[in-house]
Amino acid sequence: MDADARHGKGQAMTRGRLAALLVGVVTVAVAAVFVGAFVRSWSQDEGGSYAPKRPVTRASVTPARSLFGQVVTLRADVAVDPRAVNVASVDLAPAFRPFRIRSESRSTTAGIGHASVVSFLYRIQCISRECLPNEQNRGATEFRISPSRVTMTGRDGKRLTAAVLWPTFGVQSRLTDSDIGLSTPTIDQPPRLPPISWAVSPGFLGWLAAGAAILLLLGAGLLVATVVVRDSRRLRTPRLPAHLSPIERALVLAEHAAAHGEVPESRKALERLAVELRRRGVGGQADEVEQVAWSEDGPSEASVAQLASHVRSNGAH
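Rules behind the numbers
Residues numbered from 1 in each chain as written. Predicted model: local features only at pLDDT ≥ 70, side-chain atom pairs only at ≥ 80, totals over all residues. Heavy atoms only, no water. Helix = DSSP H or I, 4+ residues; strand = E, 2+ residues; numbered from the N terminus. Buried < 20%, exposed > 50% of the residue type's maximum accessible area, 1.4 Å probe, protein only. Contact = heavy atoms within 4.5 Å. Areas by Shrake-Rupley, 256 points an atom, 1.4 Å probe, with all protein chains shown as cover. 1 Å grid on protein atoms, 1.4 Å probe; cavity = no way out; pocket = protein on both sides within 12 Å on 5 of 7 lines; lining within 4 Å. Points joined across faces, edges and corners; volume = space filled by probe spheres on them. pLDDT = per-residue confidence, 0-100. Pairing = 2+ DSSP bridges. Axes fitted to C-alpha atoms, helices over the stretch in contact; angles between N-to-C directions. Phe/Tyr/Trp six-rings, centres within 6.5 Å; stacked < 30°, edge-to-face > 60°.

### Structural notes on the overall build of the chain
Then, in step 1: Across its full length, the chain holds 7 helices and 10 strands.
Then, in step 2: The buried share of the chain, reckoned over its 317 residues, is 32%.
Then, in step 3: Taking as baseline every contact in the chain between residues at least 6 positions apart, the subset at least 24 positions apart corresponds to 69%.
Then, in step 4: For the chain, the accessible area works out to roughly 20,100 Å², and carbon and sulfur atoms hold 56% of it.

### Structural notes on empty space enclosed by the protein
Then, in step 1: The final tally for this structure, using the stated rule, is 1 cavity of 30 Å³ or more.
Then, in step 2: In this structure, the largest cavity encloses a volume near 50 Å³.
Then, in step 3: Every residue lining the largest cavity is listed: Ser66, Leu67, Phe68, Gly69, Gln70, Val72, Phe99, Cys126, Cys131 and Val171.

### A look at the confidence of the model for the chain
Low pLDDT means the predicted coordinates in that region are not meant to be read closely.
Then, in step 1: When the pLDDT values of the chain are averaged, the result is 79; 78% of them are 70 or greater.
Then, in step 2: Low pLDDT, under 50, characterises residues 1-10; the stretch is placed with 21 contacts to residues that sit more than four places away or in other chains.

### A closer look at the sheet that holds strand S9 (residues 159-164)
Then, in step 1: The strand order across the open sheet built from 3 strands is S4-S8-S9, with neighbouring strands paired in antiparallel fashion. Each end of this open sheet is capped by a strand with a single partner; those strands are strand S4 (85-93) and S9. Strand-to-strand twist in this sheet, taken as the mean axis angle between neighbours without regard to direction, amounts to 25 degrees.
Then, in step 2: In the sheet, strand S8 (residues 148-154) pairs with S9 via 6 bridges, with the strands oriented antiparallel. Opposite Thr153, over in S9, you have Arg159 as the bridge partner.

### Section: the packing of aromatic side chains
Then, in step 1: Taken as a whole and assessed by the stated rule, the structure comprises 5 aromatic pairs.
Then, in step 2: Seen in terms of ring centroids, Phe96 and Trp166 are 5.7 Å apart; in terms of plane orientation they differ by 85 degrees. Their pairing is edge-to-face. Here Phe96, found in the loop between S4 and strand S5 (100-110), pairs with Trp166, found in the loop between S9 and strand S10 (169-172); they are 70 residues apart in sequence, far enough to count as distant. Each member of the pair, Phe96 together with Trp166, is buried.
Then, in step 3: When the centroid spacing of 5.6 Å and the interplanar angle of 65 degrees are considered together, the rings of Phe99 and Phe169 count as edge-to-face. Of the two residues, Phe99 is situated in the loop between S4 and S5 and Phe169 in strand S10; the sequence distance between them amounts to 70 residues.
Then, in step 4: Through successive ring pairs, a cluster of aromatic residues spans Phe96, Tyr122 and Trp166.

In structure tokens, the structure reads:
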């Protein structure tokens, strides 16, 4: 056995170094997953891994206030998770009486994250008596269409349903007391909202938050690594030649443990040495070894070296 193996010198891989290396690898891997799975999707407006747990519906009526006989547009959006629902099976059963459907269409687009959005568009019109505005009310008469039923088939073959609740809308007479024979009433133009603006760009705040999260993650990994790297115990104790006697093997193990600051291992080796010395009938030296082994501060490298020299010089090995 060479001197480095005997006295514990050199840059051998220790348990602390291995643990610190593993902490570093795990930290970098988690940071990479965070960037790949969340930051990339968010920065590309992909919505990350979002997907609705159950079908989500949204409905709109345009315009919200119309004239009698005017064509009204109904739109229903159904968001589903294509991993759980067969998108092609999503269907809506229209029931718009007394309105009649003039045209209809169906389209599918990619939603946020993993969601798919199936849109149903209907252009409806009513020129029957049922849709005449209330004569006693020169304002708009409120109409509400019955909820529509959406059906679909899950990937497991089960039948799923959802309801589309249509918002109310108003129908106004084309003739008023002041406009009869003089003019044609017009529809109020919807207000034009100003463009959305921010004091601080959401994209900048998102990247700032993502960078802070990654720095905190790396900092936490560094703190853990600085603690675990202090464990200087080697992964494996050096192999001892088979020809060594039990006393000499105990001495070598005690010296190795003391050189690396491994107090528990050093005490075990010295206790083993004391047992072997008593078997040889050297009880006095065994008591001395036990005193060093179970001293309050633990066996030091110097005390173990001195003890080993004393045992070897007495020929006990």
